[in-house]
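Reading the structure
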Amino acid sequence: MGFISDALGRMQPSATIALTQMARERKAAGHDVISLALGEPDFNTPEHIKQAAIDAIQRDETRYPPVAGIVQLREAIAKKFKRENNLDYKPSQTIVGTGGKHILYNALLATINPGDEVVIIAPYWVSYPEMVAVCGGTSVVVNATEENKFKLRPEDLDRAITPKTKWVLLNAPSNPTGAAYSREELKALTDVLVKHPHVWLMTDDMYEHLVYGDYTFVTPAEIEPELYDRTLTVNGVSKAYAMTGWRIGYAGGPEHLIKAMDGAMSQQTSGACTIAQWAAVAALDGPQDHLPIFRDSFEKRRDLVVSMLNQARGIKCAMPEGAFYVYPSVAGLIGKTAPSGKKIETDKDFVLELLSAENVAGVHGSSFGMGPNMRVSYAQDTELLREACERIQRFCNSLD
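The text that follows walks through the structure, step by step, so that each part is easy to find. Since the structure is predicted, the reported quantities are computational estimates derived from the model, not experimental observations.

**Describing the overall build of the chain**
A tally of helices and strands in the chain yields 14 helices and twelve strands. Over its C-alpha atoms the chain spans a radius of gyration of 21 Å, differing by no more than 12% from the 21 Å that the globule rule assigns to 400 residues. Seen through its C-alpha atoms, the chain measures out along the principal axes to roughly 60 × 55 × 55 Å. The buried share of the chain, reckoned over its 400 residues, is 56%. Considering only contacts in the chain between residues 6 or more positions apart, those separated by 24 or more positions represent 75%. Total accessible area computed for the chain in this model is approximately 16700 Å², and 51% of it derives from carbon and sulfur atoms. Charge centroids of the chain, computed over 41 positive and 49 negative side chains, lie 2 Å from each other.

Right under this line is the structure:
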């Protein structure tokens with residue numbers, strides 16, 4: 001009998017965290033590393049949000065909070081959903097967690113039984129199938145191909161649904177591809193779900209405010225009211241407010257589901273940090289004038305990175321609608337030999353040799369369920385991005 005649980009045996013470590021740690025260790029050893037592996041804005045948390053946290057400390061807001069979140073934050077979340085998404089949630093229909101990942105995990109923990117299926121769209125965020133596995137469910141992966149701009153087709157969704165399907169998990173704009181759906185594209189998907197009343201929808205809207213050009217964000221429950229009673233709309237303050245380390249995620253959904261998640265949290269972590277919750281109140285209720293600044297900067301970086309990667313030998317990079325990632329194909333470089341003598345047989349070989357030869361860290365696409373690709377985060381200083389892309393170009397040219 002093994003000491004480590006079977007549940008953990010079903011879960012793989014996070015590739016994004018692993019590559020980021022490799023980059024940190026290499027940098028600590030004295031190498032000039034540029035990491036494009038971690039999905040974290042390089043902006044600072046806006047001042048009014050930081051001040052709200054300081055004020056909360058001064059008011060001694062340091063006691064145990066209610067498990068599901070302080071009243072003021074749940075009210076702010078309800079107002080945000082109404083103001084920005086046309087979704088009517090009472091505060092009792094909202095919940096706060098220690099980051100968006102915690103919300104997603106608790107929703108699955110509260111609902112998944114052995115044999116239940118969760119439809120996940122590849123390329124997917126690395127944590128989705130692992131969370132499903134730990135909770136005892138089965139991931140049903142549906143490919144959203146580059147030819148379809150990494151977007152799920154309604155006919156493919158329909159084919160993936162079985163009597164065992166409990167959830168469909170939709171992330172848009174997407175990590176890792178940045179792909180986002182138009183209103184018409186989302187309506188075609190929600191039309192499929194309306195036909196399957198036993199299936200619930202979990203929407204990961206974490207990159208809602210990081211969209212570019214003339215793209216307008218919409219969330220599925222806003223488009224199709226028939227799905228309101230079986231949709232959990234998940235969001236958080238990490239990306240849009242540069243608050244990754246504050247660890248606040250939240251969701252809105254049917255009250256019985258929220259109560260079940262509350263019960264799971266009561267025996268797990270209890271409530272999220274009170275100081276961070278008060279900061280999140282200021283984020284959602286306060287000025288939003290930093291958002292266009294973030295968007296404009298990220299859009300310019302996106303355009304630079306896509307242009308430079310498409311100039312690299314053997315790389316093909318699509319233009320995404322949102323988030324701060326691109327997902328270039330490295331198929332044209334598979335089979336080549338690196339300067340070290342290592343043959344590039346997989347996208348993981350590519351990113352490891354890139355890190356070794358040019359000190360640029362990315363994440364291999366196979367860890368996101370579709371390759372040979374590489375996820376590149378452009379949440380970095382523009383000049384660092386330019387230098388990183390030049391190194392990638394140089395590395396590609398060095399392959400024989």
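Still to come is the rest of the account.
**Focus on the layout of surface pockets**
Its boundaries defined by the atoms lining it, the largest pocket holds a volume of some 590 Å³. Lining the largest pocket are 26 residues, with Gly39, Lys101, Trp125, Lys239 and Arg247 sitting closest to its centre. For the lining of the largest pocket, the secondary structure elements donating two or more residues are helix 2 (15–28), helix 5 (100–111) and helix 6 (127–134). Among the elements that make up the lining of the largest pocket, the one with the highest residue count is helix 2 (four residues). In terms of residue class, the lining of the largest pocket is built from eight nonpolar, eleven polar and seven charged. By volume, the second largest pocket amounts to about 310 Å³.

**Considerations on the sheet that holds strand 8 (residues 249–252)**
The strand order across the open sheet built from seven strands is 2-8-7-6-5-3-4, with neighbouring strands paired in mixed fashion. Of all the strands in the sheet, just strand 2 (94–97) and strand 4 (138–143) have a single pairing partner and so form its edges. Strand after strand, the sheet turns through a mean of 20° between neighbouring axes, direction not considered. Two strands pair when backbone bridges link them, and strand 6 (residues 200–204) and strand 7 (residues 231–236) are joined in this way by four bridges, in the parallel orientation. Looking across to strand 7, one finds that leucine 201 is bridged to threonine 231.

**Topic: the pattern of salt bridges**
Throughout the structure, instances matching the rule amount to 26 salt bridges. Put simply, lysine 80 and glutamate 84 hold a salt bridge, and the shortest N to O gap is 3.0 Å. A residue pair is termed a helical-turn pair when its members lie 3 or 4 positions apart in one helix, as lysine 80 and glutamate 84 do in helix 4 (residues 71–85) at four residues. Taking relative accessible area as the criterion, glutamate 84 reaches 26% and is therefore assigned partly exposed. Ionic contacts of the salt-bridge type, sharing partners, join the residues Lys80, Arg83, Glu84 and Glu208 into one network.

**Description of the side chain of asparagine 373**
Along the polypeptide, asparagine 373 turns up in the loop between strand 11 (363–364) and strand 12 (374–377). Discounting residues that sit within four places of it in the chain, asparagine 373 has contacts with Phe150, Tyr327, Pro328, Ser329, Val330, Asp347, Val363, His364 and Gly365.

**Focus on empty space enclosed by the protein**
Under the defined criterion, the tally for this structure stands at four cavities of 30 Å³ or more. Of the volumes computed, that of the largest cavity is approximately 100 Å³. Ile121, Pro123, Tyr124, Trp125, Tyr128, Phe150, Leu169, Leu170, Asn171, Ser174, Asn175 and Tyr181 are the residues that line the largest cavity. Element by element, the count of residues in the lining of the largest cavity is highest for strand 5 (residues 165–171), at three residues. Residues that form the lining of the largest cavity fall into these classes: nine nonpolar, three polar and no charged.

**Topic: the sheet that holds strand 11**
Ordered in space as 9-12-11, the three strands form an open sheet in which the pairing is antiparallel. Lying at the two open borders of the sheet, with one neighbouring strand each, are strand 9 (325–326) and strand 11.

**Considering unusual backbone geometry**
In this structure, proline 173 follows alanine 172 across a cis peptide bond, with omega equal to -10°. Looking at the element boundaries, proline 173 is found in the loop between strand 5 and helix 8 (183–194). Glycine 371 connects to proline 372 through a cis peptide bond whose omega is 5°. Relative to the helices and strands, proline 372 resides in the loop between strand 11 and strand 12. The phi angle at phenylalanine 150 is positive, at roughly 60°, despite the residue not being glycine. When you line up the elements, phenylalanine 150 lands in the loop between strand 4 and helix 7 (154–160). Of the residues examined, phenylalanine 150 reaches a relative accessible area of 8% and is grouped as buried. A positive phi angle, near 50°, is found at alanine 242, a position not held by glycine. Within the secondary structure, alanine 242 is located in the loop between strand 7 and strand 8.

**A short note on the pairing of strand 5**
The element strand 5 is largely enclosed, with a buried count of six among its seven residues. One ladder, built from four bridges, connects strand 3 (residues 117–122) with strand 5; its direction is parallel. Its bridge partner lying in strand 5, isoleucine 120 is registered against leucine 169. In this structure, strand 5 lies alongside strand 6, joined through five bridges in parallel fashion. In the sheet register, asparagine 171 faces strand 6, and the bridge partner there is aspartate 204. With helix 8 bridging strand 5 and the parallel strand 6, this β-α-β connection has right-handed handedness.

Procedures and definitions
- Residues numbered from 1 in each chain as written.
- Predicted model: local features only at pLDDT ≥ 70, side-chain atom pairs only at ≥ 80, totals over all residues.
- Heavy atoms only, no water.
- Helix = DSSP H or I, 4+ residues; strand = E, 2+ residues; numbered from the N terminus.
- Rg over C-alpha atoms; globule rule 2.2 N^0.38 Å.
- Buried < 20%, exposed > 50% of the residue type's maximum accessible area, 1.4 Å probe, protein only.
- Contact = heavy atoms within 4.5 Å.
- Areas by Shrake-Rupley, 256 points an atom, 1.4 Å probe, with all protein chains shown as cover.
- Lys, Arg positive; Asp, Glu negative; His and termini not counted.
- Charge placed at Lys NZ, Arg CZ, Asp CG, Glu CD.
- 1 Å grid on protein atoms, 1.4 Å probe; cavity = no way out; pocket = protein on both sides within 12 Å on 5 of 7 lines; lining within 4 Å.
- Points joined across faces, edges and corners; volume = space filled by probe spheres on them.
- Nonpolar A, V, L, I, M, F, W, Y, C, P; charged D, E, K, R; others polar.
- Pairing = 2+ DSSP bridges.
- Axes fitted to C-alpha atoms, helices over the stretch in contact; angles between N-to-C directions.
- Salt bridge = Lys/Arg side-chain N within 4 Å of Asp/Glu carboxyl O.
- Right-handed = clockwise from strand over helix to strand, strands pointing away.

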